[in-house]
Amino acid sequence: MMLPQLPGFERPKRKPPRVMAKLYDAGGEVGKWICYRCNRCGWDSGWIDQTHKSDTEIKRGHPCPECNMVSDG
Ligand SMILES: [Zn+2]
């Protein structure tokens with residue numbers, strides 16, 4: 001049986017939540033060197049320079065390229 005299509009009741013296509021690799025380690029005497037690690041797949045960013053990012057952005061994490069399968073600069 002087909003349900004009647006209700007007008008204006010189309011489910012909005014929401015992007016699935018991005019998997020964020022979490023802040024794993026931080027350091028560096030010059031600049032902000034950050035290491036992110038994904039809790040889901042274990043992806044490790046290695047040490048990357050995040051000097052251009054704010055502390056808030058860094059704490060938010062880094063989108064995991066393995067879980068999201070996107071090239072997101
Ligand atoms: Zn991942």
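Above this note sits the structure.
Residues numbered from 1 in each chain as written. Predicted model: local features only at pLDDT ≥ 70, side-chain atom pairs only at ≥ 80, totals over all residues. Heavy atoms only, no water.

### Concerning the pairing of strand 2 (residues 33–37)
Let me state the cut-off plainly: Here the rule is simple: two strands pair whenever DSSP picks up at least two bridges between them. Helix and strand assignments follow DSSP, with helices taken as H or I runs no shorter than four residues and strands as E runs no shorter than two, numbered in order from the N terminus.
Pairing analysis gives 5 bridges linking strand 1 (residues 20–27) to strand 2, with the strands arranged antiparallel. Bridge pairing in strand 2 links Ala26 to Ile34. In this antiparallel pair of consecutive strands, strand 1 and strand 2, the connection spans 5 residues, and Gly28 shows a positive phi of 105°. Two elements, strand 2 and strand 3 (residues 44–49), share 5 bridges in a ladder whose sense is antiparallel. Paired with Trp33 across the bridge in strand 3 is Asp49. Linkage of strand 2 to strand 3, two consecutive antiparallel strands, is achieved through a turn of 6 residues, within which Gly42 is found at a positive phi near 85°.

### Here's the deal with the coordination of the zinc ion
As a reminder, the rule being used: In this analysis a donor is any N, O or S atom within 2.8 Å of a metal ion (3.2 Å for sodium, potassium and calcium), and since water is not included, sites may seem incomplete. In short, tetrahedral needs four donors with all angles between 85 and 135 degrees, square planar needs four and octahedral six donors with opposite donors over 155 degrees apart and all other angles between 65 and 115, and whatever is left is irregular. Each residue gets one of three labels from its accessible area relative to the maximum for its type: buried under 20%, exposed over 50%, partly exposed in between, using a 1.4 Å probe on protein chains only.
The zinc ion binds to the protein through Cys38 (SG), Cys41 (SG), Cys64 (SG) and Cys67 (SG), with metal-donor distances spanning 2.2 to 2.4 Å. Because the angles between the 4 donor atoms bound to the zinc ion fall within 103 to 114°, the donor set is best described as tetrahedral. Motif for the zinc ion, donor spacing along one chain: C-x2-C-x22-C-x2-C. Of this pair, Cys41 sits in the loop between strand 2 and strand 3 while Cys64 sits in the loop between strand 4 (62–63) and helix 2 (65–68); the two residues are 23 residues apart in sequence, bridging distant segments of the chain. Under the relative-accessibility criterion, Cys41 is labelled partly exposed at 41%.

Spatial relationships are all this shows, so hold off on functional conclusions.
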